[in-house]
Amino acid sequence: MRKTLYLKFIFAYLLFGIFGFIVVATFVSNMTLDACKQGAAGNLYREATIIADSYAADLYNSEVSLETVHQQLTALAGYTNTEIWIMNPSGRLVVRSGEMIPPNTEIYVKGFDPAELTGQLYTIGSFWDSFSTEQLSVIAPITGNYRTNGYVVMHLPMQAILKEANGLLNISYIELLFILFLSLIILIFFTEIVYQPLRRITKATEQYAVGNMRYPLTVESNDEIGYLAASLSYMAGEISRAEDDQKKFIANVSHDFRSPLTSIRGYLTAMLDGTIPPELREKYLQLVLNETDRLTKLTNGLLTLNNLGTKGMLLSRTDFDINNLIRSCCAMFEQQCRDKQITLELVLTGEELYVNADRDKIEQVLYNLLDNAIKFSHSDSSVRVETNEKRNRIFVSVKDSGIGIPKEDQGQIFERFYKTDLSRGKDKKGTGLGLSIAREIIRSHGENINVISTEGVGSEFVFSLPRSELNDQIEE
Ligand code: ADP
């Protein structure tokens, strides 16, 4: 593509030039010759009539001598580069410019018939075989006493007309050359505005094709080509970012799988080679079980995230009572709360509060948030779950007064595998996937989830859900 586009344009340019010359050489040349013939014939005819009305008429009225008229006509013919005749209707030459007709000599134009010219201003040819070269001839009648006494005939060699036409044609050729030269500007514009940027884009796409997504592509123009380059560059950036994310993701997954597997292997080897005495085996088997639990949790989390991502999140939305879901979800944590002496405080709006969402997925969000809140709470504290209704939205908040999240971590906790340093000691089983799953689910509902937290004071997670119209029917 690179070379041919330019060649095509040059080819089109040459074609334009060739056609231009063909048009000038044919149409324009014919038109110029026609115009020259018409112009010359018009002028000759005007002069011929003037002669017919003056010298010729005087000659027929015997007011001037033949010699005088001959002199006058010869002078006039010299100026106009023509040959001027005065002839009788019978075809006999009376006066001829140039060489005088000797007395007693009669020159006839054989077959002379001015009627053949009726309706025509001029005739081109040998004038009834009087000339060997082509002439443009006009005939003006000499009238007197209501009859035609004779004719004034003027001949102009066609050679002279052709010469004039060619002179004019040459001007047209020069004009065409100027136009061609000026149209080079279009070629320069094309090169600068289209061809060069396209070359840069093509080069960039070749680099992208071989995986060099960081190849810089800048085309600074505010037109379609600039837009195309910007889109391509954006696409390459996105692909490159996706690649980085994928690498990071795989590194995280591998790391998170490797550490429990290393511990399991360590405990089992120690048991087999007797480093761990038989009476302590139960304790270490419990540790192995905990690690496998963590692996299971991790695998499930990854599967959930994968399903959420690949299915484009097919939600099965229903209208359900979020208060009821909160109550049943809290019930699942009864044992954990009792163990840590944590009270769950429910501050719910209304008896029933309907939302329109995917019930199972929202249950997962609530479960993840409650699990974190309880995990990161100190013993003997309380976790508050609240529902609120604002502008067609239902807001659910899960608030604890636990360890809190450092400010610098707050932007990242929703990312996959992210865990704060603070929490690592408290929660060895954590996968760092719970919040990213929650965010995916809430976003797929077109809603938001946010965190407000102060380190050492506590955290509050708030997410919104679309309000169901069922609430209005209940109110009525
Ligand atoms: P995990 O399985 O580790 O809980 P999450 O994605 O649910 O994964 O949470 C990511 C990290 O965010 C946690 O490891 C913890 O550092 C922090 N975090 C989440 N919820 C809370 C909370 N209620 N209080 C303090 N830190 C929290």
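Residues numbered from 1 in each chain as written. Predicted model: local features only at pLDDT ≥ 70, side-chain atom pairs only at ≥ 80, totals over all residues. Heavy atoms only, no water.

## Focus: the domain arrangement of the protein
You can read the domains of the protein as domain 1 (5-164), domain 2 (224-308) and domain 3 (317-475). Distance from the C-alpha centre of domain 2 to the C-alpha centre of domain 3: 25 Å. In this assembly, 14 residues from domain 2 lie in contact with 15 residues from domain 3. Contact with domain 3 buries surface across domain 2, with Arg 294, Leu 305 and Leu 308 losing the most and accounting together for 42% of the total. Counting across the interface, domain 2 meets domain 3 through zero salt bridges. Seen at the junction of domain 2 and domain 3, the total is zero residue pairs in polar contact (both at pLDDT 80 or more). (Domains from an automatic or database assignment. Contact = heavy atoms within 4.5 Å. Buried area = accessible area lost by both parts, 1.4 Å probe. Salt bridge = Lys/Arg side-chain N within 4 Å of Asp/Glu carboxyl O. Polar contact = N/O pair within 3.5 Å; in protein donor to acceptor, adjacent residues only side chain to side chain.)

## Quick notes on the packing of helix H3 (residues 158-182) against helix H4 (residues 184-209)
Viewed as axis vectors pointing N to C, H3 and H4 meet at an angle of 10 degrees, and their least axial separation amounts to 4 Å. Looking at the two axes, H3 sits roughly parallel to H4. Contacts between H3 and H4 involve Leu 180, Phe 181 and Leu 182 from the former and Leu 184, Ile 185 and Ile 186 from the latter. Residues belonging to the contact of H3 with H4 are distributed by class as follows: six nonpolar, no polar and no charged. (Axes fitted to C-alpha atoms, helices over the stretch in contact; angles between N-to-C directions. Helix = DSSP H or I, 4+ residues; strand = E, 2+ residues; numbered from the N terminus. Parallel < 35°, antiparallel > 145°, perpendicular 65-115°, else oblique. Nonpolar A, V, L, I, M, F, W, Y, C, P; charged D, E, K, R; others polar.)

## Observations concerning the pairing of strand S5 (residues 147-157)
With eight of eleven residues buried, S5 is to be regarded as a mostly interior element. Of the strand pairs in this sheet, strand S4 (residues 135-144) and S5 are connected by ten bridges, and their pairing is antiparallel. If you follow Leu 136 over to S5, its bridge partner there is Leu 156. (Buried < 20%, exposed > 50% of the residue type's maximum accessible area, 1.4 Å probe, protein only. Pairing = 2+ DSSP bridges.)

## Quick notes on the sheet that holds strand S2 (residues 93-96)
Spatially, the five strands line up as an open sheet ordered S2-S1-S5-S4-S3, and their pairing is antiparallel. Of all the strands in the sheet, just S2 and strand S3 (123-125) have a single pairing partner and so form its edges. Across this sheet, the average inter-strand angle for adjacent strands is 30 degrees, counted without regard to direction. As paired elements, strand S1 (residues 83-87) and S5 share five bridges and run antiparallel to each other. Paired with Ile 84 across the bridge in S5 is Met 154.

## Comments concerning the side chain of Ser 97
Structurally, Ser 97 is set in the loop between S2 and S3. Its relative accessible area of 8% is what places Ser 97 among the buried residues. Residue contacts for Ser 97: discarding those within four places in its chain leaves His 70, Leu 73, Thr 74, Ala 77, Thr 82, Glu 83 and Ile 84.

## Notes on the sheet that holds strand S12 (residues 458-466)
The five strands are arranged S7-S9-S10-S12-S11 in an open sheet whose pairing can be described as mixed. Each edge of the open sheet is held by one strand with a lone partner, namely strand S7 (343-347) and strand S11 (449-454). In this sheet, adjacent strand axes meet at a mean angle of 15 degrees when their direction is disregarded. Two strands pair when backbone bridges link them, and strand S10 (residues 393-400) and S12 are joined in this way by eight bridges, in the antiparallel orientation. Directly across from Ile 394, in S12, lies its bridge partner Leu 465. Those strands touched by helix H7 (residues 322-332) are S7, strand S9 (382-390), S10 and S12, and its axis lies near 170 degrees from that of S9.

## Concerning the pattern of salt bridges
Under the criterion given, the structure shown has ten salt bridges. For Arg 241, the salt bridge is made with Glu 238, and the minimal N-O distance between the two is 2.7 Å. Taken as a pair, Arg 241 and Glu 238 lie in helix H5 (residues 224-272) at a separation of three residues, close to a single helical turn. Since its relative accessible area comes to 34%, Glu 238 is described here as partly exposed. A salt bridge links Arg 393 to Glu 447, with the shortest nitrogen-to-oxygen separation between them at 2.6 Å. Residue Arg 393 is found in strand S10, and its partner Glu 447 is found in the loop between helix H12 (434-444) and S11; the two are separated by 54 residues along the sequence. Glu 447 sits in the buried class, given a relative accessible area of 7%. Here the salt bridges share partners, and the residues they tie into one network are Glu 389, Arg 467 and Asp 472.

## Notes on the nonpolar core
General note: in soluble globular proteins, nonpolar side chains tend to be found buried as a group. Judged by nonpolar contacts, the single largest core of 44 residues is most densely connected at Ile 322, Ile 362, Leu 369, Leu 370, Phe 461, Phe 463 and Leu 465. Looking at which element gives the most residues to this core, the answer is helix H9 (residues 359-375), with seven residues. Composition of this core by domain shows at least three residues from each of domain 2 (224-308) and domain 3 (317-475). In this structure, Leu 44, Leu 136, Met 154 and Ile 161 belong to the second largest nonpolar core, which totals 28 residues. (Core = buried A, V, L, I, M, F, W, Y, C linked by side-chain atoms within 4.5 Å.)

## Regarding H3
Between the first and last C-alpha of H3 there are 36 Å, a value that for 25 residues agrees with the 36 Å anticipated at 1.5 Å per step. For H3, the set of buried residues is Met 158, Ile 161, Ala 165, Leu 169, Ser 172, Leu 176 and Leu 180. (Expected span 1.5 Å × (residues − 1).)

## Here we look at the side chain of Ser 183
Along the chain, Ser 183 turns up in the loop between H3 and H4. Residue Ser 183 is classed as buried on the basis of its relative accessible area of 13%. Separated by 2.8 Å, the side chain of Ser 183 and the backbone oxygen of Leu 180 make a polar contact. Apart from the residues within four sequence positions on either side, Ser 183 is in contact with Tyr 13 and Phe 16.

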